[in-house]
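Per-entry structural report
Here is how the chains run, residue by residue.
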Amino acid sequence: MLTPRSTLTRRIVAALDASPSRIPVLVGGCGSGRTTLLQQLRERLGRTSAQSIDVERTATTPERFLRAVAATAPFPVSEGAPAGARAAFDATLAFFARARTAAGEPATFLLDEFLELRTFESFPGLRRVLHEFVDSLASSGNRFVLTSRYSARTVRLLRDGSSRFEVLHVPALTAEDTLDILGPVPLPEAQDGEFVARTVQALTDGRPVYVQALADELVAMREHGVGGEAGPGGPGIDDPIGALAALLAPGGRLARQCGFCYELRLHRARGYGALKAILEILAEEEGLTLTEISHRLQRTPGSTKDYLSWLEDVDLVASRQKRYSYTDPLLRVWVRLHCRASAPSDDDLAREVHRYALPRLPQQREPALVMATAGGGPSEEERKAWGIIEID
């Protein structure tokens, strides 16, 4: 059976095999699996005909980047080290454009996080690095696959570029994909694996890094004899919710992952402090308009619009019908829990995880049956609210 991810891989290979070849650009959020797909593609193409380059880790200075590329290239590299940032960057572009395999065939380059080349724009004579880079690739006879975690920036950069570029959004994992990852998780006989997989997929928004973390936590819980029993509303629902609460606790795996993504994106944007304030406002209530946000931020609508555009630029928020929300719903839970003066208590964890999880469950459950293992429980007001939630 074809899954969205296998279909994506086929589209990438078809783009590379086209004449002239197209340039697939994979975009997806933190932990969406872009790098994994790139690694799988390299193994499929062969290490002698494709070079994989982690731009984020090697884009320091143009000279050092050129040396890093040359050191791992499976293709012949011209001798000599150009002096100066401009000359080194030109030499890198020339290598990408003209390199050939040992058999004289076009080379393939897989560049992970290619937008990090923007780092070079702080050097003299390099003010339009990204535009020069995409123009050079578009005119080359070689083959390229690019990735980026910044969807908005990628689309804006390529909007008026060559038709060779093909932006592909990495799809979320399906319930079937999630079931494959959960395969090793030991479940009691009373629990239905498909139902647990659909629950995990819904709670993680289908993001591979979240799914894997939840799967590993479920294994750990089972090995230590922790987990809920099957109830009349469906089997095994306590386990994923309890696992999610544990992972979002201070020091938990998802707490660290969300914190990394939060800081990384904010540091790539402008207006650090004000942006954090807006994220806290949207953590309290999503779907707010520009006017509502500016009022709560106590800033003018003009300056608030700039702040929101900077958050959109790094894909932390998205606007739908002029109302703003998080692009990653689990990151919103993390902000509610951890962007505060003190660490969250067990009661805080239980309350916030339940508030997030219950509307996403694959079938309706009584709130009393899905208490997280983190401890604590919902308030009386929340119990009444949950009683009228309809879950498909």
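All residue numbers here refer to positions counted from 1 along the written sequence of the relevant chain. Per-residue local features of the predicted model are confined to residues with pLDDT of at least 70, and side-chain atom pairs are confined, for both listing and counting, to 80 or more; whole-chain, interface and lining totals are unaffected and use all residues. Only hydrogens and water are removed before side-chain values are computed, so all heavy atoms of the structure are retained for them.

Topic: the side chain of Glu113
Helix and strand assignments come from DSSP, with helices taken as H or I runs of at least 4 residues and strands as E runs of at least 2, each series counted from the N terminus. By secondary structure assignment, the location of Glu113 is in the loop between β3 (108–112) and α6 (129–138). Owing to a relative accessible area of 2%, Glu113 belongs among the buried residues under this scheme. Throughout, a contact is declared for two residues whenever any of their heavy atoms are within 4.5 Å. For Glu113, the residues in contact, after removing those within four places along its chain, are Arg34, Val55, Glu56, Thr147, Ser148 and Arg149. The buried label goes to any residue with under 20% of its type's maximum accessible area, the exposed label to any with over 50%, and the partly exposed label to all in between, with areas taken from a 1.4 Å probe on protein chains only.

Points about the confidence of the model for the chain
Every residue is assigned a pLDDT by the predictor, reflecting its confidence on a scale from 0 to 100. Confidence in the prediction of the chain, expressed as mean pLDDT, is 86, and 85% of residues score 70 or more. Predicted confidence for residues 229–237 stays below pLDDT 50, and this span has 27 contacts to residues more than four positions away or in other chains. Here residues 364–392 is modelled with pLDDT under 50, and outside its nearest four sequence neighbours on either side it reaches 56 contacts, counting other chains as well.

Details of the packing of aromatic side chains
Ring pairs are drawn from Phe, Tyr and Trp, using the six-membered ring of Trp, whenever the two centres fall within 6.5 Å, and their geometry is named by plane angle: stacked under 30 degrees, edge-to-face over 60, tilted for the rest. As enumerated under the stated definition, the model contains 11 aromatic pairs in all. For the ring pair Phe96 and Phe109, a centre distance of 4.9 Å and an interplane angle of 65° mean the geometry is edge-to-face. A residue pair is termed long-range when its members are at least 10 positions apart, and Phe96 in helix α5 (residues 85–98) and Phe109 in strand β3 qualify at 13 residues. The exposure class of Phe96 is buried, given its relative accessible area of 1%. Cation over ring: Arg153 sits above Tyr150, and NZ or CZ is 5.5 Å from the ring centre. Only when the NZ of Lys or the CZ of Arg is both within 6 Å of the ring centre and within 35 degrees of the ring normal is a charge said to sit over the ring.

Regarding the pattern of salt bridges
The rule for a salt bridge is simple: a side-chain nitrogen of Lys or Arg has to be within 4 Å of a carboxyl oxygen of Asp or Glu. Summed over the entire model, instances satisfying the criterion amount to 27 salt bridges. Note that Arg149 and Glu56 form a salt bridge whose closest N and O atoms lie 2.8 Å from each other. Taken together, the residues span a long stretch of sequence, with Arg149 in the loop between β4 (143–148) and α7 (151–158) and Glu56 in helix α3 (residues 55–58) at a distance of 93 residues. Relative accessible area serves as the criterion here: at 19%, Glu56 is assigned to the buried category. Because the salt bridges share partners, they merge into one network encompassing Arg34, Glu56, Arg57, Glu113, Glu116, Arg149 and Arg268.

So, helix α2 (residues 34–45)
To estimate the expected span of a helix, count its residues, drop one, and scale the result by 1.5 Å. With 12 residues, α2 extends 17 Å between its outermost C-alpha atoms, agreeing within 8% with the 16 Å of an ideal straight helix rising 1.5 Å per residue. Contact partners of the buried residues in α2: α1 (4–17), β1 (23–27), β3 and β4. Phi for Gly46, located one or two positions after α2, is positive at around 100°.

Here we look at the packing of helix α12 (residues 253–267) against helix α13 (residues 272–284)
Between two packed helices, the angle of one axis relative to the other and the distance separating the axes together describe the packing. Axes here mean lines fitted to C-alpha atoms, for a helix over just the part in contact, with angles spanning 0 to 180 degrees between N-to-C directions. Running from N to C, α12 and α13 point in directions that differ by 135°, and their axes come no closer than 10 Å. In terms of axis orientation, α12 runs oblique to α13. Here α12 runs over α13; the crossing is right-handed. Contact residues: Tyr262, Glu263, Leu266 and His267 in α12; Tyr272, Leu275, Lys276 and Leu279 in α13. For the contact of α12 with α13, the class distribution of residues is five nonpolar, one polar and two charged. For this classification, under 35 degrees means roughly parallel, over 145 means roughly antiparallel, 65 to 115 means roughly perpendicular, and everything else is oblique. A clockwise turn of the near helix away from the far one marks a right-handed crossing, whereas an anticlockwise turn of less than a right angle marks a left-handed crossing. Gly falls in the polar group here, along with every residue not listed as nonpolar (Ala, Val, Leu, Ile, Met, Phe, Trp, Tyr, Cys, Pro) or charged (Asp, Glu, Lys, Arg).

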